There are 2 protein chains.
Amino acid sequence: MSAPRLDETHDPARRSWVESANAPDCDFPIQNLPYGVFSEGGGARRVGVAIGNMILDLTATEAQGRLGPGAPVFGEGVLNPLMARPQADWDEMRRRIAGLLDERAGARDLPMVAQGDVEMHLPAYIRGFTDFYASREHATNVGSMFRDPENALLPNWLHVPIGYNGRASTVVVSGTEITRPLGQLKAPDDEAPRLGPSERLDFEVELGALVGTGNAMGQPMTTAEAFDAIFGYVLLNDWSARDIQVWEYQPLGPFQSKAFGTTISPWVVTRAALEPFRTQPPSRVKPLLPYLSEAGPNNFDIVIEGDLAPDGCAPRTILRTNARWLYYSAAQQLAHHSLSGCAMETGDLLGSGTISGAEQDSWGSLLELTWNGRDPVQVEGGTRTFLQDGDTVTLRGWCQRRYRVGFGACAGTIRPAPEWRK
Amino acid sequence: MSAPRLDETHDPARRSWVESANAPDCDFPIQNLPYGVFSEGGGARRVGVAIGNMILDLTATEAQGRLGPGAPVFGEGVLNPLMARPQADWDEMRRRIAGLLDERAGARDLPMVAQGDVEMHLPAYIRGFTDFYASREHATNVGSMFRDPENALLPNWLHVPIGYNGRASTVVVSGTEITRPLGQLKAPDDEAPRLGPSERLDFEVELGALVGTGNAMGQPMTTAEAFDAIFGYVLLNDWSARDIQVWEYQPLGPFQSKAFGTTISPWVVTRAALEPFRTQPPSRVKPLLPYLSEAGPNNFDIVIEGDLAPDGCAPRTILRTNARWLYYSAAQQLAHHSLSGCAMETGDLLGSGTISGAEQDSWGSLLELTWNGRDPVQVEGGTRTFLQDGDTVTLRGWCQRRYRVGFGACAGTIRPAPEWRK
């Protein structure tokens, strides 16, 4: 699919009867319509769509027969049934919801809930979580610190969308506390490792892609199929224990250093909502193999900021980056993921890899921002090299033209490591 | 848990009224009772237990009220509901089933099916598949071939149960065909990679452990808890594309080279059935950290043979190894997996890593058996360095004293790679 595909749901002049949605800096105008899963007062999980500071309860709306014909998809309180439907159904649902929320339609007694009154949950059941490494600047920074500044990028990086399978069981929704991990720690001069809480706990700013329609085992997807197969995107924080990582990662890659938690934002911004913000990737240093060629601009112009707040202190923005700088798109990653015949499934989550730009303040991890702890960053009331207990990291992201397509917040607070029980 | 815990279900004198179960070399005597999932003629999936050459249909037996009190666990046609129950329930179910199949009880019109009349399926829903690297001999062989024979083991290996997250969506049951993967291939002297079917397709002989009861995020398990948390074991073939692997694996580990298929045997041999075959691990080269210490012998004395059969030819046994030689037990791997606070879940599958012994004919992969293609192995009608289309690899494993606790077969046939579609 080459050029962006726009329809009436992208009309910048369109307004909602939900007044808060019409503010120019609102994350959730009628042109966005991200899906999420919420509950009230410990009740059952329901699917909703964010509009301004409200939620349209889609589970209830569907039960009232107000979402038109078609098999029900919101009754299970999770997005997978919709995500598994043919891609044309996603667009049709988006048009119907936009019609219900349009200023010209009026409220008509729809089931609305205030965002401040609900608890958010993981939007989808995620069986597979894969984390990539798609920022050339990030890979170069890491290679410079840990290998050789003259040959920072490994030879495969400019040819292969490098990635590894992560741990889906600890993907959590924004707001979930993250426990500092225990692990094997070994300084270069130590004789042997010791057991202890990580002392170099970090975050990584990423964009997450949620797979809608998958592929059968043994049948790879093209990049065009892969782009269309992605249902939507979230912000993603790939919490990382650098000291555990450096000791464990050879030769099979990161394992426990990344397994203790991955936070995603609760609202899934659909591929459809991002269509107007498609943009070209960075220019290619070396030609890519044809299976990675893209017919259209598959990157997205998404600003992402990262805030750090010590316990009881105000947050301070410590980085501002952009997903447009990613060298490999999610479509390329998904096509590569399926190349071997690996079956991709509805709900699979692909992390982009840490997003870093050329300038220091656009680097997406403390490892880079502090250059491996050498240059502490300023936070309210002090400085940080790596994260301390009680610290809260919050990512925020948006696309902006005449309206904003926002992702909301992706936040997590560090709690102390458990005591080890013999 | 220190010493093996034996009860009447381990009595070597016990016999079944299913006569085929009483032969001394039968894989499935009354002392084994492995669980599996089967269907007949495209019907619904049911849980069964193997006894001799028959299956006791547990889904039907339970529906008849003949498995005693307790919540139903077999109605869903998958093992997860039983696996998620408290560990004492596993032992109670084993005693009840042994009672029904005991020679002294008699057949009493139980729902029995011949193993030859059914199709087998994956025994459990597996959300997480993790592959370890626990054979010192295998890690040494690989390090000698690809790094440095003088320093073949990396420094972390004698301290850390090295592992990586694999791809659960392509774990398949014995008998499922495996499609040769496409991938990026690059010989050392090539300027750039090319796209093509893997030319160095291999198998890896492993033991798989299925997690029964898991742990909450942030709360690590001890090795004693981990040993008891494992519901049972299967044979596992970790199909591997060596040429894809060598180009992609730095720095984040194997990815597409292992993602196209992993085969497991259909019958889950319970931890209870393996109790009499617990044995000490190899002696420790360096002391392990206390969190990896084991109160009892957590290895198992399981012989595993590997057969290779070209298309239309008879199989030839090309290796014979033993799971007792694994340096790290599944209990140690599971404890390490949870150390960071990673949540482990019912149905998670842990591959032991390729099992290799000291002698050449005990090495568990073609990579080792042929020493990276240098010394072809003899097969019926020819030789092999790596696998050709149409080749069938079959693993068989068992414990043997006065009776045999067998795993049955873990088999897969290679079919040609797909054509690449632009």
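Treat the numbers as computed from the prediction; the structure is a model and nothing was measured. (Residues numbered from 1 in each chain as written. Chains lettered and ligands numbered in written order. Predicted model: local features only at pLDDT ≥ 70, side-chain atom pairs only at ≥ 80, totals over all residues. Heavy atoms only, no water.)

1. Focus on the relation of the copies chain B and chain A
Note the cut-off: The least-squares superposition of copies is restricted to C-alpha atoms, and to residues with a pLDDT of at least 70 in both copies. By the convention used here, residues are in contact when the closest approach between their heavy atoms is within 4.5 Å.
Take chain B, turn it by 180°, move it 0.0 Å along the axis, and it overlays chain A with an RMSD of 0.0 Å. The relationship between the two copies is best expressed as a two-fold rotation axis. Considering only C-alpha atoms, the residue of chain B closest to the rotation axis is G253(B), which sits at 2.1 Å. By residue overlap, the copies meet face to face through one surface: 100% of the interface positions of chain B are interface positions in chain A.

2. Let's talk about the pairing of strand 21 (residues 316-322) of chain B
All names here are of chain B. Cut-off, in case you're wondering: Pairs of strands are assigned from DSSP output, requiring at least two bridges between the strands. Numbering goes from the N terminus for both helices and strands, where a helix is a DSSP run of H or I of at least four residues and a strand is a run of E of at least two.
Taken together, the six bridges between strand 20 (residues 303-309) and strand 21 define a ladder with antiparallel strand orientation. Opposite G306, over in strand 21, you have L319 as the bridge partner. Linkage of strand 20 to strand 21, two consecutive antiparallel strands, is achieved through a turn of six residues, within which G312 is found at a positive phi near 80°.

3. Brief notes about unusual backbone geometry
In this structure, the amide linkage connecting Q250(A) to the following residue, P251(A), adopts the cis form with an omega of 0°. Tracing the sequence through the fold places P251(A) in the loop between helix 6 (242-248) and strand 16 (262-264). Unusually for a residue other than glycine, N372(A) sits at a positive phi of about 60°. Among the secondary structure elements, N372(A) is positioned in the loop between helix 9 (366-369) and strand 23 (377-379). The backbone of W371(B) shows a phi angle near 45°, a positive value even though the residue is not glycine. If you trace the backbone, W371(B) turns up in the loop between helix 9 (366-369) and strand 23 (377-379).

4. So, the pairing of strand 25 (residues 392-400) of chain B
Residues and elements named next belong to chain B. Note that strand 20 and strand 25 share seven bridges and pair antiparallel. The residue of strand 25 that forms the bridge with I304 is G397. Looking at chain direction, strand 25 and strand 26 (residues 404-415) are connected through eight bridges and run antiparallel. Counterpart to T394 in the pairing with strand 26 is A411.

5. Let's talk about the domain arrangement of chain A
Residue and element names in this part refer to chain A. Cut-off, in case you're wondering: Each domain's extent was defined by an automatic or database domain assignment. Note on terms: buried area is the combined drop in 1.4 Å-probe accessible area of two parts once they are placed together, counting the loss on both. The definition of a polar contact used here is a pair of N or O atoms within 3.5 Å, where within protein one atom must be able to donate a hydrogen and the other to accept one, and adjacent residues in sequence count solely through side-chain atom pairs.
Domain boundaries in chain A define domain 1 (8-121) and domain 2 (129-415). For domain 1 and domain 2, the distance between their C-alpha centres works out to 28 Å. The interface is formed by 31 residues belonging to domain 1 together with 30 residues belonging to domain 2. Considering only the side of domain 1, the residues that lose the most area to domain 2 are H10, M83 and W90, jointly responsible for 23% of the buried surface there. Remark: the boundary between domain 1 and domain 2 carries seven residue pairs in polar contact (both at pLDDT 80 or more). For the side of domain 1 that touches domain 2, the elements supplying multiple residues, two or more each, are strand 1 (35-39), strand 2 (46-51), helix 2 (80-83), helix 3 (87-101) and strand 5 (119-121). In terms of residues, the side of domain 1 that touches domain 2 owes the most to one element, helix 3, which gives four residues.

6. Overview of the interface of chain B and chain A
Quick reminder of the rule: Any carboxyl oxygen of Asp or Glu within 4 Å of a side-chain nitrogen of Lys or Arg constitutes a salt bridge here.
Contact with chain B, which involves 73 residues of that partner, is made by 73 residues of chain A. Around 6,400 Å² of area is buried between chain B and chain A when both sides are counted, 61% of it from carbon and sulfur atoms. Interface area lost by chain B to chain A is led by R167(B), L252(B) and F255(B), which between them contribute 13%. Scanning the region where chain B abuts chain A turns up two salt bridges.

7. Quick word on the packing of aromatic side chains
For clarity, the threshold we go by: Two rings belonging to Phe, Tyr or Trp (six-membered ring only in the last case) form a pair when the distance between their centres is within 6.5 Å. Interplanar angles under 30 degrees mark stacking, angles over 60 mark edge-to-face geometry, and anything in between is tilted. Exposure classes here rest on a 1.4 Å probe applied to the protein chains alone. A residue is buried below 20% of its type maximum, exposed above 50%, and partly exposed in between.
Inspection of the entire model under this criterion finds 26 aromatic pairs over all chains. Taking 5.7 Å as the distance between ring centres and 85° as the angle between the ring planes, the aromatic pair formed by F255(A) and F132(B) counts as edge-to-face. A residue pair is termed interchain when its members come from two chains, as with F255(A) in the loop between helix 6 and strand 16 and F132(B) in strand 6 (residues 129-132). Each member of the pair, F255(A) together with F132(B), is buried.

8. Concerning the pattern of salt bridges
A side chain of one charge can pair with a side chain of the opposite charge if their charged atoms are brought near each other. Per the counting criterion, the structure on display carries 60 salt bridges over all chains. One salt bridge connects D389(B) with R180(B), and the closest N-O pair in it is separated by 2.7 Å. Taken as a pair, D389(B) in the loop between strand 24 (382-384) and strand 25 and R180(B) in the loop between strand 9 (178-179) and strand 10 (182-185) lie far apart in primary sequence, 209 residues in all. Under the relative-accessibility criterion, D389(B) is labelled partly exposed at 37%. Residue R396(B) pairs with E305(B) through a salt bridge whose shortest N-O separation is 3.1 Å. Placement of the pair is R396(B) in strand 25 and E305(B) in strand 20, with a sequence separation of 91 residues. Here the salt bridges share partners, and the residues they tie into one network are R5(A), D228(A), R271(A), E275(A) and R278(A).

9. So, the environment of G253(B)
With respect to the helices and strands, G253(B) occurs in the loop between helix 6 (242-248) and strand 16 (262-264). Given a relative accessible area of 1%, G253(B) falls into the buried group. Residues contacting G253(B), with those up to four places away along its chain left out, are P251(A), L252(A), G253(A) and E248(B).

10. Considerations on the sheet that holds strand 3 (residues 54-57) of chain B
All names here are of chain B. In plain terms, the rule: Lines fitted to C-alpha atoms define the axes, with helix axes restricted to the stretch in contact, and inter-axis angles between N-to-C directions lie between 0 and 180 degrees.
Spatially, five strands are ordered 4-3-2-1-5 in an open sheet, and the strand pairing comes out antiparallel. Here the strands that pair on one side only, and so sit at the sheet edges, are strand 4 (112-114) and strand 5 (119-121). Within the sheet, the average angular offset between the axes of one strand and its neighbour, ignoring direction, is 45°. With four bridges joining them, strand 1 (residues 35-39) and strand 2 (residues 46-51) adopt antiparallel strand pairing. Each residue of the ladder has a partner; that of F38, found in strand 2, is R46.

11. Looking at helix 8 (residues 330-339) of chain A
Residues and elements named next belong to chain A. Taken across its 10 residues, helix 8 has 10 buried, putting it largely inside the fold. Within the sequence span of helix 8, burial applies to A330, A331, Q332, Q333, L334, A335, H336, H337, S338 and L339. Immediately downstream of helix 8, the backbone of G341 shows phi near 100°, a positive value.

12. Things to note about the confidence of the model for chain A
If pLDDT is low for a region, its predicted coordinates should not be looked at in detail. Residues and elements named next belong to chain A. Operational definition: A residue's pLDDT is the confidence the predictor assigns to it, expressed on a 0 to 100 scale.
For chain A, mean pLDDT is 96; residues scoring 70 or higher make up 99% of the total. Taken element by element, the predicted model of chain A shows its lowest mean pLDDT in helix 4 (residues 136-146) (95) and its highest in strand 16 (99). For this predicted complex, the interface confidence comes out at an ipTM of 0.97, alongside a pTM of 0.98.

13. Quick word on the nonpolar core
To keep things clear, this is the line we draw: Residues grouped as a nonpolar core are buried Ala, Val, Leu, Ile, Met, Phe, Trp, Tyr and Cys residues, joined through side-chain atoms within 4.5 Å.
In terms of nonpolar packing, the biggest core is built from 80 residues, with F203(A), Y233(A), L274(A), I302(A), L334(A) and L387(A) touching the most fellow members. Top contributing element to this core by residue count: helix 8 of chain A, with five residues. If we skip the residues at most four places from it in the chain, F203(A) touches N237(A), D238(A), W239(A), R242(A), I318(A), L319(A), G364(A), S365(A), L366(A), L369(A), L387(A) and V393(A). If you look at the next biggest cluster of nonpolar residues, it comprises 73 residues, including A226(B), L235(B), I318(B) and L319(B).

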